[in-house]
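Fold and contact review
As a plain string of letters, each chain reads:
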Amino acid sequence: MPPRVLILRAPGTNCDRESAYAFEVAGGRPESVHVNRLLESPRLADEFQILCLPGGFSYGDDIAAGRILGNQIRHHLADAMHAFKAAGKLILGICNGFQILIKSGLLLEDDGVRGPAATLAWNASGKFEDRWVRLVTASTKSVFLAGIDAMYLPVAHAEGKFVVRDEPTLAALDAGGQLALRYAPLDGAGVALASPVHSPSTAGDQVPYPANPNGSPRNVAGVCDSTGRVFGLMPHPERHIDRTQHPRWTRGEAGEIGDGLRLFQNAVNYFAA
Amino acid sequence: MLWEVDIYAAEGQPDLAAARIRSDAADLGLAANLAVRSANGFLVEGPLDAAAAVRIANELLADRVVERTVVAQVGDERLSTPPGAEKRLVQVLMKPGVMDPVAQSALGAIADFGMRPDAVRTLRKYWLGDLADDKLRLLCQKVLANDAIEQVVVGPLRLERLEFGSPYKFALVTTPIRELDDDGLMRLSRQGQLYLKIAEMRTIQVHFRELGREPTDVELETIAQTWSEHCSHKTLAGRIAYRDERGERRYGNMLKETIFAATQEIRRRLGEADWCVSVFKDNAGVLRFDERHNVTFKVETHNHPSAIEPYGGANTGVGGVIRDTLGTGLGAKPICNTDVFCFAPPDMPGDALPPGTLHPRRVMKGVVAGVRDYGNRMGIPTVNGAIYFDPRYVGNPLVYCGSVGLIPHDKSFKKTNPNDLIVAIGGRTGRDGIHGATFSSAELTSESETVSGGAVQIGNAITEKMVLDVLLAARDRGLFTAVTDCGAGGFSSAVGEMGAEIGAEVWLDRAPVKYAGLSYTEIWISEAQERMVVSVAEEKWPQLDALCKSEGVEATVIGRFVPTGRLVLKYGEHRVADLSMDFLHDGRPPVVREAVYVPPPVVPLSIAPRTDYTDALLKVLGSLNVASKEWVIRQYDHEVQGGSVVKPLVGLANDGPSDAAVLRPVLSSRRGVAVSCGMNPRFGDFDTYPMAASAIDEAVRNCVAVGADPARIAILDNFCWGDCDRPETLGSLVRAAIACQDVALALGTPFISGKDSLNNEFSYVDARGVKQTIAIPPSLLISAIGLVDDVERCTTMDFKRPGSAVYLVGLTRDELGGSHFALVEGARGGVGPTVDARQAKATFTAMHEAIRAGLVLACHDLSEGGLAAALAEMAFAGGVGAAIELDAVPHDAETRSAAMLLFSESNTRFAVEVSEENAAAFEAALKDTPHARIGRTTSDARLTIDYAGGTVVDGNLKQLKEAWQSPLRW
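What you see is a predicted model; the values in this text were computed from it and never measured.

Turning to the interface of chain A and chain B, a few remarks are in order. Each partner contributes to the interface: chain A provides 62 residues, whereas chain B provides 65 residues. With both sides pooled, the region where chain A packs onto chain B buries about 5,000 Å², and carbon together with sulfur makes up 50% of that total. Its largest share of buried area at the contact with chain B, chain A owes to Ile63, Asp130 and Arg251 of chain A, together 13% of the area lost on that side. The tally of links from chain A across to chain B stands at eight salt bridges. Between Asp242 of chain A and Arg670 of chain B there is a salt bridge, and its shortest N-O distance comes to 2.6 Å. Remark: the boundary between chain A and chain B carries 34 residue pairs in polar contact (both at pLDDT 80 or more). Of all the secondary-structure elements, those providing two or more residues to the side of chain A that touches chain B are helix 1 (16-25), helix 2 (35-40), helix 3 (67-86), strand 5 (118-121), strand 6 (129-137), strand 7 (150-157) and strand 8 (161-164) of chain A. Residue contributions to the side of chain A that touches chain B peak at six residues, all from helix 3 of chain A. When grouped by side-chain class, the residues that make up the side of chain A that touches chain B number 24 nonpolar, 19 polar and 19 charged.

Before going further, it helps to spend a moment on the packing of helix 9 (residues 254-270) of chain B against helix 23 (residues 727-747) of chain B. Residue and element names in this part refer to chain B. In the contact formed by helix 9 and helix 23, the axes pass within 9 Å of each other and the chain directions differ by 5°. When the axis of helix 9 is compared with that of helix 23, the two are roughly parallel. From helix 9, Met254, Glu257, Thr258, Ile259, Ala261, Ala262, Glu265, Ile266 and Arg269 reach across to helix 23, where they touch Leu733, Val734, Ala737, Ile738, Cys740, Gln741, Ala744 and Leu745. Partitioning the contact of helix 9 with helix 23 into residue classes produces 12 nonpolar, two polar and three charged.

Moving on, we get to the domain arrangement of chain B. Looking at the assigned domains, one finds that chain B contains domain 1 (2-154), domain 2 (167-249 + 414-588), domain 3 (253-412 + 637-791) and domain 4 (601-627 + 795-970). Between domain 2 of chain B and domain 4 of chain B, the C-alpha centre-to-centre distance is 51 Å.

Right, let's talk about the state of the cysteines for a bit. Two cysteines whose sulfur atoms are joined by a covalent bond form what is called a disulfide. All names here are of chain A. All told, the structure shown has zero disulfides over all chains when counted by the stated rule. Of the cysteine sulfurs around Cys224, a residue in no disulfide, the closest is that of Cys52, at 16 Å. Cys224 gets classed as buried once you look at its relative accessible area, which sits at 0%.

It is worth spelling out the pairing of strand 35 (residues 858-861) of chain B at this point. Residues and elements named next belong to chain B. Because side chains alternate across strand 35, one face comprises the buried residues Ala858 and His860, and the other comprises Cys859 and Asp861, equally buried. The pairing of strand 35 with strand 37 (residues 910-914) spans four bridges and is classified as antiparallel. Among the inter-strand pairings, Ala858 is bridged to a residue of strand 37, identified as Glu913.

Residues and elements named next belong to chain A. Scanning the entire structure with this criterion turns up 23 aromatic pairs over all chains. Ring centres of Trp132 and Tyr152 lie 5.2 Å apart, and the angle between their planes is 45°; this geometry places the pair in the tilted category. Of this pair, Trp132 sits in strand 6 while Tyr152 sits in strand 7, placing them 20 residues apart in sequence. The ring centre of Phe48 lies 4.4 Å from the NZ or CZ of Arg4, which sits over that ring.

Residue and element names in this part refer to chain B. On the basis of which strands lie adjacent, the open sheet formed by seven strands has the order 17-19-15-20-18-21-22 and mixed pairing. Edge positions in the sheet fall to strand 17 (482-485) and strand 22 (574-580), since each of these pairs with one other strand and no more. Within the sheet, the average angular offset between the axes of one strand and its neighbour, ignoring direction, is 25°. Direction of pairing for strand 18 (residues 504-507) relative to strand 20 (residues 555-560): antiparallel, over a ladder of two bridges. Note that in strand 20 the partner of Val506 across the bridge is Gly559. The sheet strands contacting helix 7 (residues 217-226) are strand 21 (566-571) and strand 22, and the helix crosses strand 22 at an angle near 35°.

Residue and element names in this part refer to chain B. Among the residues making up helix 5 (residues 182-191), those that are buried are Gly184, Leu185, Leu188 and Ser189. The buried residues of helix 5 occupy an angular sector of 140° when projected down its axis, which confines them to one face. The outward face of helix 5, more than 90 degrees from its buried face, is lined by the exposed residues Asp183, Arg190 and Gln191. Packing partners of the buried residues in helix 5 comprise helix 6 (198-211) and helix 7. One or two residues past the end of helix 5 sits Gln193, with phi positive at roughly 50°.

Let us look at the pairing of strand 13 (residues 382-389) of chain B. When you tally the buried positions in strand 13 of chain B, you get seven out of eight residues, the bulk of the element. As a crossover connection, the stretch from strand 12 (residues 333-343) of chain B through helix 12 (residues 360-378) of chain B into strand 13 of chain B is right-handed.

On inspection of all chains with the given rule, the structure shows 78 salt bridges over all chains. Its salt-bridge partner being Arg428 of chain B, residue Glu554 of chain B comes within 2.8 Å of it at the nearest N-O pair. Residue Glu554 of chain B is found in the loop between helix 18 (541-550) and strand 20, and its partner Arg428 of chain B is found in the loop between strand 15 (421-426) and helix 13 (436-439); the two are separated by 126 residues along the sequence. With a relative accessible area of 31%, Glu554 of chain B lands in the partly exposed category. With relative accessibility at 37%, the residue Arg428 of chain B sits in the partly exposed group. The residue Arg560 of chain B makes a salt bridge to Glu538 of chain B at a minimum N-O spacing of 3.1 Å. With Arg560 of chain B in strand 20 and Glu538 of chain B in the loop between strand 19 (531-536) and helix 18, the pair connects residues that are 22 residues apart, well separated along the chain. The class of Glu538 of chain B is partly exposed, set by a relative accessible area of 44%. Among the charged side chains, a network of salt bridges with common partners joins Asp242 and Arg243 of chain A together with Arg664, Arg670 and Glu792 of chain B.

Right, let's talk about the side chain of Ser139 of chain A for a bit. Residues and elements named next belong to chain A. Mapping Ser139 onto the fold places it in the loop between strand 6 and strand 7. Classification of Ser139 as buried rests on a relative accessible area of 15%. Among the polar contacts made by the side chain of Ser139, one reaches the main-chain amide nitrogen of Lys141 at a distance of 3.2 Å.

The strands making up a sheet associate through backbone hydrogen bonding, with each pair oriented either parallel or antiparallel. Residue and element names in this part refer to chain B. The strand order across the open sheet formed by six strands is 24-27-28-33-29-30, and the pairing between neighbours is mixed. Each edge of the open sheet is held by one strand with a lone partner, namely strand 24 (644-646) and strand 30 (751-757). Going from strand to strand, the sheet's axes swing by 20° on average, the running direction of each strand aside. Across the sheet, helix 22 (residues 688-706) is in contact with strand 24, strand 27 (661-663), strand 28 (672-678), strand 29 (713-720), strand 30 and strand 33 (779-788); its angle to strand 28 comes to roughly 150°. Of the strands in this sheet, strand 29, strand 30 and strand 33 touch helix 23, which is tilted by about 180° from strand 29.

With that settled, consider the environment of Gly252 of chain A. All names here are of chain A. By the element assignment, Gly252 lies in the loop between strand 11 (230-233) and helix 6 (261-269). Taking the relative accessible area as the measure of exposure, Gly252 reaches 60% and is therefore exposed. Expressed as a C-alpha distance, the spacing of Gly252 and Ile102, which sit 150 residues apart in the sequence, is 37 Å.

Cut-offs and rules
Along each chain, numbering runs from 1 in the same order as the chain's sequence is written. Think of it this way: whatever chain is written first is A, whatever ligand is written first is 1, and the rest follow in order. Residues qualify for local features only when their pLDDT is at least 70, as the model is predicted, and side-chain atom pairs are given and counted only at 80 or more; totals for whole chains, interfaces and linings, by contrast, use all residues. Just so you know, side-chain values use all the structure's heavy atoms and leave hydrogens and water out. By the convention used here, residues are in contact when the closest approach between their heavy atoms is within 4.5 Å. Buried surface area refers to the total accessible area, computed with a probe of radius 1.4 Å, that the two partners give up upon joining, counted for both partners together. For this document, the term salt bridge refers to a Lys or Arg side-chain nitrogen within 4 Å of an Asp or Glu carboxyl oxygen. Polar contact is the term for a pair of N or O atoms within 3.5 Å; when the atoms are in protein, one must be able to donate a hydrogen and the other to accept it, and sequence-neighboring residues count only if both atoms are side-chain atoms. Helical segments are the DSSP runs of H or I of at least four residues, strand segments are the runs of E of at least two, and each set is numbered from the N terminus. For this classification, the nonpolar set comprises Ala, Val, Leu, Ile, Met, Phe, Trp, Tyr, Cys and Pro, the charged set comprises Asp, Glu, Lys and Arg, and every other residue, Gly included, is treated as polar. Interaxial angle, 0 to 180 degrees, is taken between N-to-C directions of lines fitted to C-alpha atoms, where a helix line uses only the stretch in contact. Roughly parallel means an angle under 35 degrees; roughly antiparallel, over 145; roughly perpendicular, 65 to 115; everything else is oblique. Residue ranges for the domains originate in an automatic or database domain assignment. Disulfides are defined as pairs of cysteine sulfur atoms found within 2.5 Å of each other. Buried, partly exposed and exposed residues are distinguished by accessible area as a fraction of the type maximum, computed with a 1.4 Å probe on protein chains only: under 20%, between the cut-offs, and over 50%, respectively. Paired strands are those between which DSSP finds at least two bridges. The criterion for an aromatic pair is that two Phe, Tyr or Trp rings (for Trp, the six-membered ring) have centres within 6.5 Å, with stacked assigned to planes under 30 degrees apart, edge-to-face to planes over 60 apart and tilted to the rest. Our definition puts a charge over a ring when NZ of Lys or CZ of Arg is within 6 Å of the ring centre and also within 35 degrees of the ring normal. Read the arc as the range of directions from the helix axis to the C-beta atoms. A crossover counts as right-handed when, viewed with the strands pointing away from the observer, the path leading from the first strand over the helix to the second turns clockwise.

What follows is the structure in structure tokens.
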């Protein structure tokens, strides 16, 4: 049976339909569930194999992006979520979903004294921007990125700069392969360079704006947990499923399917074996 | 206890707000390099101890990775101790009652900690370096705060509590009117902010004399709002006697007999093929999209509020037009937004501004931010727009917001039944926006900021998103019979409209309010945002109630559509209004107006010919209307919902100017919708007939350029004009409406919806004590929506590859009047562009056939800047050069010139790239339309244009692109 995908919807979530559609095209069985249903009965999650936190502005991103829903998860859903993780299931956070994963402590564990390991801070540009970026996979850690070297996807966010509490934590995450997805340079005309960068060591050079759209140190675009089964990313794979979503498909640059689809297929196929 | 949590950037982290303020202060010449340190603050009132306050600060309000906090009770000196070298403290708070979404969310999130605070407010804190007092005052006014909605405290806060509002004590207010003379009536109209004319005041007086009683305050307000220009469009839908050089025409209902009549005729001619579903009736026009769905389109303006509070005005403008979509049929799903703005040039010197106006740069930044924050949060892509600059918009910036929706066929109509419940869904009612409907009908003055501050609002997009989610779910379950939005006029307008044919009784004391103290009148006319009204059969109410509760959306029964033909308002036991619906909706005396149009004399345009126009082209590309709007576009999420096919920015580096946007609203289908616009305020100075015709032509050709089927394009009109009490001003509008009628008919392109905003004038008293008035130029926005059978046939404007043929389609005329070439040359006079609508129809059809057949590699509409600008844009967007020769350009001028061929802004023209192998087929497709092969694309990165044996333009693509990108690269 294809895996069931819980698309978590909260006030202000707005990429739920296209994320569900992406899972559907990939062969999954998505179902949109309001967070209030999950708060009423957290065990509802048991019936699903994949949890997807789609993009949007949960609770308006008031205070900070993903903070309020992140805290709701901390206060009311922590047990259910940890059980979900422990059961070997998959969690994907896209854009606001990534922000929620980070702020809920589901993706990277807190330190009792020093607090959260990382955050997604305001873009260095100080503003929301929608633009396409070139991405390269920097480790084999994330289940979602299996077999994917590079992707071309759009970002659309204001708070996407991945900032880690301190240098040792960042180094440890990098060494552990958890900084799985990176922004890659573009050439002079703004076109992506094709060569993927595979290892953390070569991903070290800071890619300039706008190829790195938010100024993330080490060009971090997506991060996974220590198991590789929980993954969050700022770019929107669900916005590159169809070839006509590619910004230059009229120039013959798009493939048969969009780059983002493979990520959803990886998630669905994880349960096929 | 009143706690304050101040949140600063941690050591080594950027202070982005401070950087922004420093740069704005420098822009305004207040300080070259002002030292600023900023903090966000939260005031939390309630029974919390210090440990709880610190916990909230650390775990909710601040981000410990990048921020640090100061937590103390208000009054504690730690809060007013400078954190660094900057000693001067300025704090900015929302005025009480102004929507503060972050505070609202924080209140809920604190409750999640199991704590129960009473109230939360946000504040912004600025520590400033040395600055003279007068400069500080200016900085507060122009950069740090907007006193329409915010208050500034210099120094420490002295605040004891946050709660405000005291319980309301009912007292019925009646307003004596029966004995007033004309002066008294007009005084009442003005002082009560009713903004009614004398004939209307007299009609009301007679009505109440007949009833033998005085009106209550809420009755007068209801009448004023229903009869306002904003709600009833009494001028344009009224009687008009119009005279021009061809004689006199009399209209009983001008809009109905021109624009609406054209649509009726087009629908009649289409017969079975009529694809209009509902026009000029519902909150948006409705068109057939496919076997299952219709599409809806509505464009609104929100000009007056945006002049006073650009962020809030634009923010609520977007929110309002989205509610129009939600309020169409039984509720359409918004699928994209459009926005068009008119501003004064952002480089206008500060001392050239009339008193009481905000600097255009600030207006533009605020408006863009307002549109961005609402649209992005709603998850609706903003895909198309335009910005026009003219000094005459200085006191009256224009903000047009459009919303396209998708709705199933069987949900496209609504009908309230007698005895249905009146249910309010969404946001609570507060004092926000009292008198917005009547205010928008008034002329702005330099005093408006103080007099009308209450009419300005801030939106809360998430509340509206929650309403959207439950409303569409309720629609699909059939839980209500009709829906409309609470826009201008609030409940008064929504309930009045829905119950016009039936009658209604409303229980005002049951409406949920934001705070205590609202009178029954305030509840009735409040324009608080994010509210919808639905009519619900009694037996469905429990289900609707449960659905709303399940998603945390407030829904309340506030009355019933009782079949009495009367509008009865109650507050508890008290009957506070009792009006007949007939008087309310049909009692207004007809407005009769004179309209005159005298075409201005033609003054020849003279610009000395020269041999090289490269510099002129660079200037045209850098002129503000033409220049890249990438800074704006990228701040909008234009791809959410996943249906984006042709984006607003296209080409090799994703930064060329697309003619129109195309999206697939149904992700599993290849069918698309194209959205575009056309507007030419500069042409209105010559003649508003061809101006309007040009706007239609431009909107339609933009749509055609990307691949929409011209037989399936519909348009919307938005008239923003000056004071139509002046016969000449109204005359210029009627003339434009006649053009709309003629061109729509000739193209077979129906108008499906429209809106007008009159009285866009700004008056002030100048330094010599003389009253000055600035009227905006006639500003007709035409928005177009077109259908695309298969999006894979769409095309974009960027040159694709070297070695292709370049064609010019359409006839070039000597029409440099109002052109951007004339603008950059500082030249006046000439003749503005005209439209040959019969030829246009043939050209659009032929172009579409060529695109559909796959013969076209790139297609760009020729508009601002003419052929030269279009070719430059195609070249630098595609990173492909071109060698062009103008001698073959089809034209109808007696004497042609390089300037005319390069820069004339004649309508119905396209520049097209076609591969060599398709050239013959393309020429065959265009055989009945003027066209010529004018050159080829090249592999060198240059644009060269030759004429009469010489080279008139020679520029490298980098230089051309830089000229186009640099002016608005903020």
